[in-house]
Structures are given as structure tokens and as C-alpha cells.
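# Observations on chain architecture
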Amino acid sequence: KGTSLLHLSPAADIIRTIRDPEKPNTLEELEVVTENCVEVQEIGEDEYLVIIRFTPTVPHCSLATLIGLCLRIKLQRCLPFRHKLEIYISEGTHSTEED
């Protein structure tokens with residue numbers, strides 16, 4: 001068990017093209033998501049845990065919850081394998097991270 005590089009790329013590829021709700025850029029262009037923010041662990045036979053840690057553009061970003069929801073929906077619809085999702089705001093990057 002541990003990070004499976006075989007499945008890392010599809011998750012990163014899926015989320016990199018999501019557009020920011022307020023800007024004409026993708027989340028990758030704004031560095032809200034990067035390849036390093038995706039971790040994939042095998043948790044069973046043909047089942048994986050996908051962990052995403054994203055970084056809002058500013059600490060008081062009012063759309064952080066919406067961005068997290070967009071990540072979840074896109075991955076649920078597009079991942080080609082059975083999975084569980086955990087989506088977090090990167091530690092120390094948002095004013096509501098304790099909520």
C-alpha cells in the first residue's frame with residue numbers, strides 16, 4: 001500500500017483543467033492545484049483513496065468551499081477506477097481552515 005504512480009496522473013489530469021469560479025484561468029494556472037497536491041493510495045483490490053490538498057489564491061478566498069466541491073464532482077464523474085475522495089485545503093493557506 002502507498003502512493004501508486006500509475007493512478008496519480010489521471011487524477012491530476014482531471015483536475016488541472018477546472019476553471020476558477022472568478023477568473024478566466026484554470027486552477028493549475030493559478031497554482032491552486034499542482035501535481036504535488038494529489039496523492040493516491042491503494043486501499044483494497046482495485047480501489048484507491050485519492051487525497052487532494054488545494055491552495056486557495058488568497059487566505060480569505062470566499063470560494064474555497066465551491067472549489068473543493070468542483071474538485072469532488074469532477075473526480076467522481078471522471079476517475080476511471082473505484083475510489084474514495086478526501087479533499088482538503090492545504091495547511092496554513094486559508095483563514096477558515098479550522099472550520
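Heads up: these notes are all about the structure in this document.

Analysis parameters
- Residues numbered from 1 in each chain as written.
- Predicted model: local features only at pLDDT ≥ 70, side-chain atom pairs only at ≥ 80, totals over all residues.
- Heavy atoms only, no water.
- Helix = DSSP H or I, 4+ residues; strand = E, 2+ residues; numbered from the N terminus.
- Buried < 20%, exposed > 50% of the residue type's maximum accessible area, 1.4 Å probe, protein only.
- Phe/Tyr/Trp six-rings, centres within 6.5 Å; stacked < 30°, edge-to-face > 60°.

Within the element layout of this structure, Ser90 appears in the segment after strand S3 (82-89). Residue class for Ser90 comes out buried when judged on its relative accessible area of 14%.

With that settled, consider the packing of aromatic side chains. Using the criterion set out here, one finds 1 aromatic pair in the structure. Note on Tyr48 and Phe81: the rings are 5.1 Å apart at their centroids and 70° apart in plane angle, and the pair reads as edge-to-face. Separated by 33 residues along the polypeptide, Tyr48 in strand S2 (residues 47-54) and Phe81 in the loop between helix H2 (64-78) and S3 bring together distant segments of the chain. Owing to a relative accessible area of 11%, Phe81 belongs among the buried residues under this scheme.

The backbone of Glu31 sits at a positive phi, close to 60°, despite the residue not being glycine. Note that Glu31 resides in the loop between helix H1 (5-16) and strand S1 (38-44). Here Glu31 falls in the exposed class, since its relative accessible area comes to 58%. The backbone of Asp46 shows a phi angle near 60°, a positive value even though the residue is not glycine. Of note, Asp46 is situated in the loop between S1 and S2.

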